[in-house]
Amino acid sequence: MTLPDEPAAVGRDLPRRDGTVKVLGTATYAHETPLADAAHLYVVQAAVARGRVTELDTAAAEALDGVVAVLTHDRAERLASVEDRELAVLQDAEVAFRGQVVAVVVAETSEVARHAAGLVRVGYAQQAHDTELRADREDLYTPETVNPDFPTDTAEGDVDAAMAAAEVTVEETYSTARNHNNPMEPHATVARWDPAGEGFLTLWDSTQGVHSTRSALAEVFGLDEERVRVVCPYVGGGFGSKGRPHVNVVLAAMAARAVPGRPVRLALTRRQMFDLTGYRTPTIQRCRLAAGRDGTLSAVAVDVVEQTSRIKEFAEQTGVPARMMYAAPNRRTTHRLAALDVPVPSWMRAPGECPGMFGPEVAMDELAERLGLDPVELRIRNEPAVEPGSGKPFSSRGLVGCLREGAARFDWARRDPRPGVRRRGDWLVGTGVAASTYPVSRMPTSTATIRREGGGYLAEIGAADLGTGTWTTLAQIAADALGVPVERVEVRIGDTDYPVASVAGGSSGMTTWGSAVVEAARALRARYGAEPPDGAQASGSVGPADERYAMHAFGAQFAEAHVHADTGEVRVARLLGVFAAGRIINPRTARSQFVGGMTMGLSMALHESGVLDPRTGHVVNHDLAEYHVAANADVDRIEAHWLAEHDPHVNAMGSKGIGEIGIVGTAAAVSNAVWHACGVRVRHLPITLDKVLPALEERAG
């Protein structure tokens, strides 16, 4: 609650508390941690996609002035746990994918380390490798679950019978490309072991979860968690790739142990990140829709094929959003994996929902075309009364409101439904729409402590701020829970010395951490009243979610695409998103998240594709010169709006996660707009010239 004369902190457009230090360049990121006598680490990567290291000549590297140590599989320490094969680095001579670390060099400077790494000579016994994802592979298999723990397959009713009986059907295959996270700050770690030799490890790591990183490293090195400290006050972007520890964390700690008394720094290069820090798996989606002439769906089916690594399984939950998005009595979703000789895929912004809404939302557009129905109206007609599958009531469901609000703001009513009939000079103009959704996630573990300190209050929790605004929004939540002005609340995060916090992932941060902060504030007030003495403190932990309701955020994405009639070039003149995401904690940081997500969705639609050469097993466009991401020229205008929604069932704040829903649906809206502009239906991302131009030439001829 708030005091009568004080405006609520939640909902205010407050500037970021970390903004000044970031603009001034004084915010200390992991690799910049000031430590005397730190050595530098550089990795040597495998040049074959599969095989065994037969020779490692390190003599030239070790002879170089400034080299401190060279670690290989026959010199590195034996790890206490090698169960996670992604983290079991330098434990044997086997090569499971191109780019795998086969040696590391530690030197006095980063330049010497890099030069010395280039002098290491590696010989291999190559083996036949397989890196090609196809839907017709005979060795596709069914994982036990899909990320994080959803059932792999679901089925209700009889989809085949509904398809056979339907008046109108869509049955098409869609695909999304291999996408790579490229946060501004690369994956970086600084490791230091206690110089007294007591086995205490400190890591300064760019991570989305200090406590989850500590747990993983403690297991790998056989340490009690209390003997590992992870520090990360600032993160220069993560987007999922820093949600789980990767080999850089293990290597930094391993190298620091090999050079006693010295901390070791490791910052992966942009190219190394393409191999070593996860990526979004490419997907192949067979989508089937059946409907009556009035647009009422009778069947929805999505069968997904994607890839994983032979050494560690990751199954993206691509088919999951189709399970609950629209009403249909007959439903089916499946996931099949191809285990390939490739690096391990992992989280990337909105795993599952992002690729999983592309195929179905383009299919809905195709269904609307075949029915002669407006695409917005088609979606509204298939609004479910309860969550399909579970039968639970929605805690709130604002999709229809988002569609109508977005249509009004986008002037959708004036849209001519015919494709390829509007021009502005040499440019064909079209508009498209797609829906978006993202689940409300509450992690089971997080604790906050609030202490009276001087004239104010100090809230501590080991949360992370990836640039999303956590430093600011947690203070707003604490202020309202305490009933004091937000200026009287200080927040401390990003350190395992603070109470345990869940990883920043699945748009769960504020729902989880904010709930813990509210509980701590309530406990403090209950114990000490309105004016606790200096030093008084209380803790609170996140409670269980209300299982009676289905909890999701929703949105509607609108796009205006321009396609050059002669060259096939695609530009997006306007993106507009409207979201129903509960109570907005801070409009400024929320708009940043929505716009950022939409920009990444635009990038996915037009550019992003990790091109893997099956002959060599590596991504050939492994830098930002050739792996293209969206730039200002790709969109002229981008808008994010939201509905006033307070959901009392999701948490004490009434808020929902917003970090990921912005990307969901954007690529489908762009693809649908491209079809409307030029009549070319692009079902395979990204939308590049080679997919548009031949069809334009055929139409012109």
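Structure: see above.
Residues numbered from 1 in each chain as written. Predicted model: local features only at pLDDT ≥ 70, side-chain atom pairs only at ≥ 80, totals over all residues. Heavy atoms only, no water.

*Asks:* Got a minute to help me understand the overall build of the chain in this structure?
*Replies:* From N to C terminus, the chain includes 16 helices and 28 strands. In terms of C-alpha radius of gyration, the chain reaches 26 Å, essentially the compact-globule figure of 27 Å for 701 residues. A fraction of 81% describes how many contacts in the chain between residues 6 or more apart in sequence connect residues 24 or more apart. In the structure as shown, the chain presents an accessible area of about 26,000 Å², 50% of it carried by carbon and sulfur atoms. Charge-centre separation for the chain: the mean point of 71 positive side chains lies 3 Å from the mean point of 90 negative side chains. (Helix = DSSP H or I, 4+ residues; strand = E, 2+ residues; numbered from the N terminus. Rg over C-alpha atoms; globule rule 2.2 N^0.38 Å. Contact = heavy atoms within 4.5 Å. Areas by Shrake-Rupley, 256 points an atom, 1.4 Å probe, with all protein chains shown as cover. Lys, Arg positive; Asp, Glu negative; His and termini not counted. Charge placed at Lys NZ, Arg CZ, Asp CG, Glu CD.)

*Asks:* Is there a simple way to think about the pairing of strand β1 (residues 39-45) in this case?
*Replies:* For a regular strand, side chains alternate in direction, first toward one face of the sheet and then toward the other. Among the seven residues that make up β1, six are buried, leaving the element largely enclosed by the rest of the structure. Summarising the sheet, β1 and strand β14 (residues 264-267) pair through two bridges and their orientation is parallel. Its bridge partner lying in β14, histidine 40 is registered against arginine 265. (Buried < 20%, exposed > 50% of the residue type's maximum accessible area, 1.4 Å probe, protein only. Pairing = 2+ DSSP bridges.)

*Asks:* Please clarify how the sheet that holds strand β3 (residues 67-72) should be interpreted in this entry.
*Replies:* Strand pairing in a sheet is mediated by backbone hydrogen bonds. Such pairs are either parallel or antiparallel. Across the sheet, which stays open at both edges, the seven strands sit in the order β3-β5-β1-β14-β11-β12-β13 with mixed pairing between neighbours. Each edge of the open sheet carries a strand with a single partner, namely β3 and β13 (228-231). For this sheet, the mean angle separating the axes of adjacent strands, direction not counted, is 20°. Where helix α3 (residues 110-119) meets the sheet, its contacts fall on β1, β3 and β5 (101-107), and the angle it forms with β1 comes to roughly 25°. (Axes fitted to C-alpha atoms, helices over the stretch in contact; angles between N-to-C directions.)

*Asks:* Mind showing me how you'd approach helix α13 (residues 509-528) here?
*Replies:* For the α-helix, the turn length of 3.6 residues means that residues three or four positions removed from each other point alike. The end-to-end C-alpha separation of α13 is 28 Å, in line with the 28 Å expected for 20 residues at 1.5 Å each. Counting buried positions along α13 gives 14 out of 20 residues, so the element sits mostly inside the fold. Following α13 by one or two positions, glycine 529 has its phi on the positive side, about 80°. (Expected span 1.5 Å × (residues − 1).)

*Asks:* Any chance you could explain helix α11 (residues 399-410) here in plain terms?
*Replies:* For α11, spanning 12 residues, the distance from its first C-alpha to its last is 16 Å, which sits close to the expected 16 Å at 1.5 Å a residue. Every buried residue of α11 is listed here: Leu399, Val400, Cys402, Leu403, Gly406, Ala407 and Phe410. In an axial view of α11, the angular spread of the buried residues amounts to 160°, which keeps them on one side of the axis. Across from the buried face of α11, at angles greater than 90 degrees, the exposed residues are Arg404 and Ala408. (Arc of directions from axis to C-beta.)

*Asks:* Honestly, the packing of aromatic side chains in this entry has me stumped. Any pointers?
*Replies:* Both the distance between ring centres and the angle between the ring planes are used here to describe each pair of aromatic rings. Taken as a whole and assessed by the stated rule, the structure comprises 10 aromatic pairs. Measuring from ring centre to ring centre gives 6.0 Å for tyrosine 29 and tyrosine 234, while their planes differ by 50°; the resulting arrangement is tilted. Placement of the pair is tyrosine 29 in the loop between α1 (19-24) and β1 and tyrosine 234 in the loop between β13 and α6 (247-258), with a sequence separation of 205 residues. Looking at tyrosine 234, the relative accessible area reads 16%, which means it is buried. Here tyrosine 234 and tryptophan 471 contribute two aromatic rings whose centre-to-centre distance is 5.8 Å and whose plane-to-plane angle is 35°, an arrangement assigned as tilted. A residue pair is termed long-range when its members are at least 10 positions apart, and tyrosine 234 in the loop between β13 and α6 and tryptophan 471 in helix α12 (residues 470-482) qualify at 237 residues. Accessibility assignment for this pair places tyrosine 234 and tryptophan 471 in one class, buried. Among the aromatic residues, those joined into a cluster by ring pairs are Tyr29, Tyr234 and Trp471. Sitting above the plane of the tyrosine 279 ring, arginine 178 keeps its charged end 3.8 Å from the centroid. It is arginine 257 that lies over the ring of tryptophan 193; its NZ or CZ is 4.0 Å from the centre. (Phe/Tyr/Trp six-rings, centres within 6.5 Å; stacked < 30°, edge-to-face > 60°. Lys NZ or Arg CZ within 6 Å of the ring centre and 35° of its normal.)

*Asks:* Just to check I follow, could you spell out the state of the cysteines for this structure?
*Replies:* A covalent bond between the sulfur atoms of two cysteines is referred to as a disulfide. Counted under the stated rule, the structure contains zero disulfides. As a non-bridged cysteine, cysteine 402 has cysteine 354 as the owner of its nearest cysteine sulfur, 18 Å distant. (Disulfide = S-S within 2.5 Å.)

*Asks:* Just to check I follow, could you spell out unusual backbone geometry for this structure?
*Replies:* Most peptide bonds adopt trans geometry, and most residues besides glycine take a negative phi value. The residue after asparagine 147, namely proline 148, is reached through a cis peptide bond having omega -10°. Mapped onto the elements, proline 148 comes out in the loop between β7 (145-146) and β8 (150-151). The linkage connecting leucine 685 with the following residue, proline 686, adopts the cis geometry, with an omega of 0°. Counting through the fold element by element, proline 686 comes out in the loop between α15 (666-678) and α16 (689-700). With a phi close to 65°, aspartate 37 is a non-glycine residue in the positive phi region. As for its placement among the helices and strands, aspartate 37 is situated in the loop between α1 and β1.

*Asks:* Before we go on, may I ask you to explain the sheet that holds strand β6 (residues 121-126) in this structure?
*Replies:* Here we have three strands laid out as an open sheet, ordered β4-β2-β6, and antiparallel in their pairing. Of all strands in the sheet, those with a lone pairing partner are β4 (94-95) and β6, marking the two edges. By the bridge criterion, two bridges tie strand β2 (residues 51-57) to β4 in an arrangement that is antiparallel. Of the residues in β4, the one forming a bridge with glycine 51 is valine 95.

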